[in-house]
Amino acid sequence: MALLMGAVAYDPKVVTIWGGFRSWFNEHGFPFDFVLYSNYERQAEDLANGRIDAAWNSPLAWIRSRRLAEANRRRLTPVVMRDTDRDLTSVIVVRAGSPYKDLADLKGETVAVGAIDSPQATLLPCSFLAAKGLQPGVDVAVRRFDVGVGLHGDHIGGERDAARALAAGTVAAACMIDSNHLLFGREGTLAAGSTRVLAQTPPFDHCNMTLGDTVSTEVMNGFRDLLLTMSYADPQVRPLFDLEGLTSWQAGRTSGYRALETAVDETSFYSEEGAVAAVGYQP
Amino acid sequence: MAGLDPALVVHLEAWCRSKGHRTQRADENDDGVRAWITRGRTDLDRWALAERAGRPGPDGIVARPRLHWGLAARGALIEPGGPEIAADLIDRDLVWAELAPSLYAHAASAQWDPAQAVRWDAEVRLAPDIERAVVQIMTFLVENEQAALVVPARLLARIHPHFREVIQLLAAQAADEARHVEIFTRRALLTGGEMGTSSVSGRESLATLLTEPDFSLASFLLSVLGEGSFLNLLTFIDRHAPDPVTREVARLARQDEARHVAFGVAHLQHQGKVDTSLLGRLRGAVEQRHQTLISSAGLNQDVFDALVVLAAGEWTPGGIRRGYAAVQELQIEMDEGRRHRLVRLGFPGDEAAELSALHTRNFM
Ligand SMILES: [Fe+2]
Ligand SMILES: [Fe+2]
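Reading the values: the criteria
- Residues numbered from 1 in each chain as written.
- Chains lettered and ligands numbered in written order.
- Predicted model: local features only at pLDDT ≥ 70, side-chain atom pairs only at ≥ 80, totals over all residues.
- Heavy atoms only, no water.
- Salt bridge = Lys/Arg side-chain N within 4 Å of Asp/Glu carboxyl O.
- Helix = DSSP H or I, 4+ residues; strand = E, 2+ residues; numbered from the N terminus.
- Buried < 20%, exposed > 50% of the residue type's maximum accessible area, 1.4 Å probe, protein only.
- Donors = N, O, S within 2.8 Å, 3.2 Å for Na, K, Ca; no water.
- Tetrahedral: all angles 85-135°; square planar, octahedral: opposite > 155°, others 65-115°.
- Pairing = 2+ DSSP bridges.
- Axes fitted to C-alpha atoms, helices over the stretch in contact; angles between N-to-C directions.
- Contact = heavy atoms within 4.5 Å.
- Buried area = accessible area lost by both parts, 1.4 Å probe.
- Polar contact = N/O pair within 3.5 Å; in protein donor to acceptor, adjacent residues only side chain to side chain.
- Nonpolar A, V, L, I, M, F, W, Y, C, P; charged D, E, K, R; others polar.
- Domains from an automatic or database assignment.

Asker: Tell me about the pattern of salt bridges, and please be specific about residues and values.
Answerer: Pairing is possible between side chains that carry opposite charge, provided their charged atoms lie close to one another. Under the definition given, this model contains 50 salt bridges over all chains. For R46 of chain B, the salt bridge is made with D242 of chain A, and the minimal N-O distance between the two is 3.4 Å. Placement of R46 of chain B in the loop between α2 (42-45) and β3 (51-52) and of D242 of chain A in helix α8 (residues 238-244) is noted, with the two residues assigned to different chains. Among the residues examined, D242 of chain A registers a relative accessible area of 40% and is labelled partly exposed. Three or more residues joined by partner-sharing salt bridges are found here, namely R66, R67, E70, E261 and D265 of chain A.

Laid out in C-alpha cells, this is it:
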C-alpha cells in the first residue's frame with residue numbers, strides 16, 4: 001500500500017510540488033500518495049491518530065503532533081528536512097533613523113509580529129524578547145498581523161504587513177525571518193537602507209518530514225534513503241527542489257526545535273498533551 | 001566576505017542557505033572579513049548533466065535532435081530537463097538537404113523590394129480584352145501563391161529548430177510568396193480595380209496541397225510538380241507579356257520559384273538516398289491526388305481562355321489560333337519539365353511520363 005503523506009495547501013504550487021514528488025517516488029519503485037489539508041492542526045491530529053502515515057510538518061505542527069502522539073503512546077519520527085530548514089534565525093528590525101540602540105530601548109514601545117501561529121515571526125521572537133527581559137504585553141505592546149492563520153506562518157502576508165507597519169512608522173520594531181528581511185529589501189517593501197537589524201535570535205530549525213508508526217521501520221528507512229538520493233543534478237528533481245526551496249535533503253533532527261517548544265509552553269499555545277490552548281487562535 | 005553593511009552577515013547567511021552554500025561567521029581577528037563561504041554544489045549540479053545540442057555548423061547536425069533542446073541555438077550547452085518542443089519533423093534524413101545552407105544564403109541575398117523592383121509607373125494601356133486576360137491570370141496566380149505561402153509556413157513550424165537552415169529557407173520561401181501575392185495583386189488592380197474569377201476546381205486542387213501532412217510528399221507535390229509547372233507558366237507570361245509591369249512581375253516571381261523548386265528536388269534527392277521506399281510513396285501521392293481530383297473540373301476555363309488571349313495578343317481568329325497553339329505548347333513544356341525533374345529524383349522515363357500525366361490540370 002502506498003505511503004500516504006499529508007501536506008498543507010498554503011499555496012497552489014503545493015499541488016505541483018507534491019504531484020511531482022509523487023510521480024518521482026512511484027517511478028522509483030516507492031508507492032506514494034498525498035492528501036492536502038487547509039491548515040496544519042487537522043493534519044497534526046490525523047498524523048498523531050495514524051490516519052496518515054507521514055506529514056510535511058511545520059515546526060509548530062511537529063511539536064503538536066509529537067505531543068498528541070506521545071500522549072497516546074504513539075511515536076513519530078522526523079526522518080528528513082530540507083537543507084534550508086536548518087539554522088534559520090529571526091530578526092527584530094527597526095527603522096534606520098530610530099533612536100533604539102539595543103533591545104532594552106524598545107521598552108514601552110510597540111512591536112509588530114506576524115500571524116498568531118507563525119514560529120518565525122511571532123512565537124520565537126516573542127519568546128526571545130521575553131528572555132531578554134521584555135515581556136510581550138507587559139514591557140512591550142505587540143501588534144499582530146494575522147494573515148493565513150492555521151498555516152503556521154507559511155503564508156508570508158503577516159510578516160509583510162508587519163514590515164509595512166514598520167515602514168509606515170506605526171510600530172517601533174517588526175519581527176521577521178532573516179530571509180524575509182532580505183526579500184523585503186529586494187522587493188521594496190522596506191526601502192534599501194531604511195531599516196536596521198536590532199537583534200537576531202539564535203538559530204532554529206524549520207519544517208520536517210514526519211513519519212508515524214503506521215509504517216514499518218523498513219518502509220521508513222526505505223523512504224528516508226530514497227529521499228536522500230534525490231539530487232539537484234537530476235533534471236526531474238531540480239524544478240521540484242527549486243519550487244520547494246531546498247538544494248538537498250538532510251537527516252531529520254529535533255535539536256533545532258527547543259526554542260519553539262519553550263515558546264509554545266510560555267504562551268500555552270498547546271498543552272503538554274497537544275491540545276490547542278492558545279486564546280484567539282482559530283485556524 | 002568583507003563588507004561594511006551592518007546587516008551583511010544576516011543577509012549573507014540567509015542568501016547562502018537558499019543557494020546551498022555554507023557560511024561561517026568570522027572571528028574578531030579576521031581583519032575585515034565578516035564571514036567565510038564554502039561554495040555549494042547547486043550551480044555546478046544544474047549543469048552536471050548538460051549536453052551540447054550538436055555543433056553550430058551544418059556539419060554539427062545530429063541525426064535526431066532531442067525534443068527538450070527546444071528552441072535552443074544549435075551547439076548551445078543545454079541544461080537537461082524542461083518542456084519538449086511540439087515538433088514532429090525531427091529526423092535529419094526526413095528534413096535535411098545538403099543544399100539548404102547555400103540555398104538559404106542565396107534566398108537571403110536575392111530578396112527584392114516590390115516597391116522598387118517593378119516600374120509601377122510604366123505605361124500600361126491595353127485593349128480591354130487583353131487587360132481582362134492579364135487580370136484573370138493575375139487572379140489565378142494570387143490564389144496559387146497563397147497556397148505556396150501557407151504550405152511552407154505550416155511545415156516550418158513542425159520542424160525541429162535544430163535544422164535551422166531548413167527553417168530559414170522555408171521562412172524565406174514564405175516571404176517570397178508573400179511578395180508574389182503582393183505584386184500579382186498590384187498588377188491586377190493597376191488599371192481597373194476588379195479581380196477575375198476563382199473556380200471551385202482551382203480551390204479543390206490547392207486544398208489537396210494544404211492537407212498533405214507528410215513533409216516529403218507536401219514538398220514533392222508543391223515544389224517539384226506545382227512550382228515546377230509554374231516555372232513554365234511564368235516563362236510563358238514573360239514571353240507574351242503585353243506590358244512591362246506584367247513582364248517584370250512574372251520574371252521576379254520566376255527567379256524565386258526556381259530556388260523553391262531546387263530545394264524541393266535537393267531535399268527529395270537526399271531523402272531518396274536514405275529511404276528506398278520514397279519513390280513508391282511519391283508515386284502513391286500523385287495517384288491519390290489524381291483520384292481525389294478525378295471528378296474536379298480541372299483548370300478554370302477563364303484562366304485557360306485568358307492564357308490563349310494573352311498569347312494571341314489580339315482578339316482575331318488568327319491571333320486566337322496562335323494563342324491556342326501557344327497554350328498547347330506551354331502544357332507540353334510543363335509536362336517535359338515535370339518528367340525531367342521526376343527522372344532526376346530517380347523515376348525511370350516511362351514512369352515519369354505516366355506520373356506527369358496524372359498531375360493536376362490546375363498546374364499547382
Ligand atoms: Fe510564388
Ligand atoms: Fe514558390
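Asker: Outline the coordination of the iron ion (ligand 1), supporting the account with residue identities and numerical values.
Answerer: All names here are of chain B. Coordination of the iron ion (ligand 1) by the protein comes from E145 (OE), E177 (OE), H180 (ND1) and E257 (OE), over a distance range of 1.8 to 2.2 Å. Classification of the site at the iron ion (ligand 1) rests on its four donor atoms, whose angles at the metal span 81 to 147°, yielding the label irregular. Here the iron ion (ligand 1) and the iron ion (ligand 2) are spaced 3.5 Å apart, and both take E177 as a donor. Placement of H180 in helix α7 (residues 164-188) and of E257 in helix α10 (residues 244-274) is noted, with a sequence separation of 77 residues between them. For the pair H180 and E257, a shared accessibility class is recorded, and that class is buried.

Asker: Account for the coordination of the iron ion (ligand 2), with residues named and values stated.
Answerer: Residues and elements named next belong to chain B. Within the protein, E177 (OE), E227 (OE), E257 (OE) and H260 (ND1) serve as the donor atoms for the iron ion (ligand 2), at 1.8 to 2.1 Å. Around the iron ion (ligand 2) sit four donor atoms, and with donor-metal-donor angles ranging over 93 to 150° the site reads as irregular. Counting the intervening residues between successive donors of the iron ion (ligand 2) yields the motif E-x49-E-x29-E-x2-H.

Asker: Before we move on, can you summarise the sheet that holds strand β11 (residues 249-251) of chain A with the specific residues and values?
Answerer: All names here are of chain A. In spatial order, the strands read β2-β1-β3-β10-β4-β11; together these six strands make up an open sheet with mixed pairing. Every other strand in the sheet has two partners, leaving β2 (32-37) and β11 as the edge strands with one partner each. Direction aside, neighbouring strands of the sheet carry axes that sit 25° apart on average. Relative to β2, strand β1 (residues 3-8) runs parallel, the two sharing six bridges. Looking across to β2, one finds that V8 is bridged to Y37. Strands in contact with helix α2 (residues 40-48) are β1, β2, β3 (54-57) and β10 (208-211); relative to β3, the strand with the most contacts, it is inclined by about 145°.

Asker: So, the sheet that holds strand β6 (residues 110-113) of chain A: which residues are in play, and what are the values?
Answerer: The strands making up a sheet associate through backbone hydrogen bonding, with each pair oriented either parallel or antiparallel. Residue and element names in this part refer to chain A. Reading across the sheet, the five strands line up as β7-β6-β8-β5-β9 and stay open at both edges, with mixed pairing between neighbours. With partners counted over all chains shown, the strands left at the sheet margins are β7 (141-144) and β9 (195-200), one partner each. Taken pair by pair, the neighbouring strands of this sheet meet at an average axis angle of 30°, ignoring direction. Pairing geometry for strand β5 (residues 90-95) and strand β8 (residues 173-177), over five bridges, is antiparallel. Pairing of I92 across the sheet is with C175, part of β8. Lying over the sheet, helix α4 (residues 119-131) contacts β5, β6, β7, β8 and β9, oriented at roughly 120° with respect to β8. Strands β5, β6, β8 and β9 of the sheet are contacted by helix α5 (residues 157-168), whose axis makes an angle of about 150° with β8.

Asker: How would you sum up the environment of A173 of chain A? Please name residues and give values.
Answerer: Residues and elements named next belong to chain A. Relative to the helices and strands, A173 is located in strand β8. A relative accessible area of 0% means that A173 is categorised as buried. Those residues in contact with A173 that sit more than four places away from it in its chain are I92, V93, V94, L106, T110, V111, A112 and L166.

Asker: Any chance you could break down the interface of chain A and chain B for me, citing the residues and the numbers?
Answerer: The partner chain B presents 19 residues to the 20 residues of chain A that form the contact. Of the roughly 1,600 Å² buried at the junction of chain A and chain B (both faces included), carbon and sulfur atoms supply 58%. The largest per-residue losses of area from chain A upon contact with chain B belong to L182, Y232 and R238 of chain A, which jointly make up 30% of the total buried on that side. Summed over the shared surface of chain A and chain B, the result is three salt bridges. Residues D178 of chain A and R17 of chain B are paired through a salt bridge, measuring 2.6 Å at the closest nitrogen-oxygen approach. Our count for the chain A to chain B interface comes out at eight residue pairs in polar contact (both at pLDDT 80 or more). Among the elements of the structure, α6 (178-187), β9 and α8 of chain A are those that each provide at least two residues to the side of chain A that touches chain B. At five residues, the largest contribution of residues to the side of chain A that touches chain B is made by α6 of chain A. Grouping the amino acids of the side of chain A that touches chain B by side-chain chemistry returns seven nonpolar, six polar and seven charged.

Asker: Describe the domain arrangement of chain A, listing the residues and the values that go with them.
Answerer: Residue and element names in this part refer to chain A. Taken as a whole, chain A is organised into domain 1 (3-85 + 205-267) and domain 2 (90-200). Across the interface of domain 1 and domain 2, roughly 1,200 Å² is buried in total on both sides, 67% from carbon and sulfur atoms. Taken together, the links from domain 1 to domain 2 amount to zero salt bridges. Summed over the shared surface of domain 1 and domain 2, the number is seven residue pairs in polar contact (both at pLDDT 80 or more). Looking at the side of domain 1 that touches domain 2, the elements that each hand over two or more residues are α2, α3 (59-71) and α9 (258-266). With five residues, the top contributor of residues to the side of domain 1 that touches domain 2 is α9. Here the side of domain 1 that touches domain 2 is built from residues that sort into nine nonpolar, six polar and two charged.

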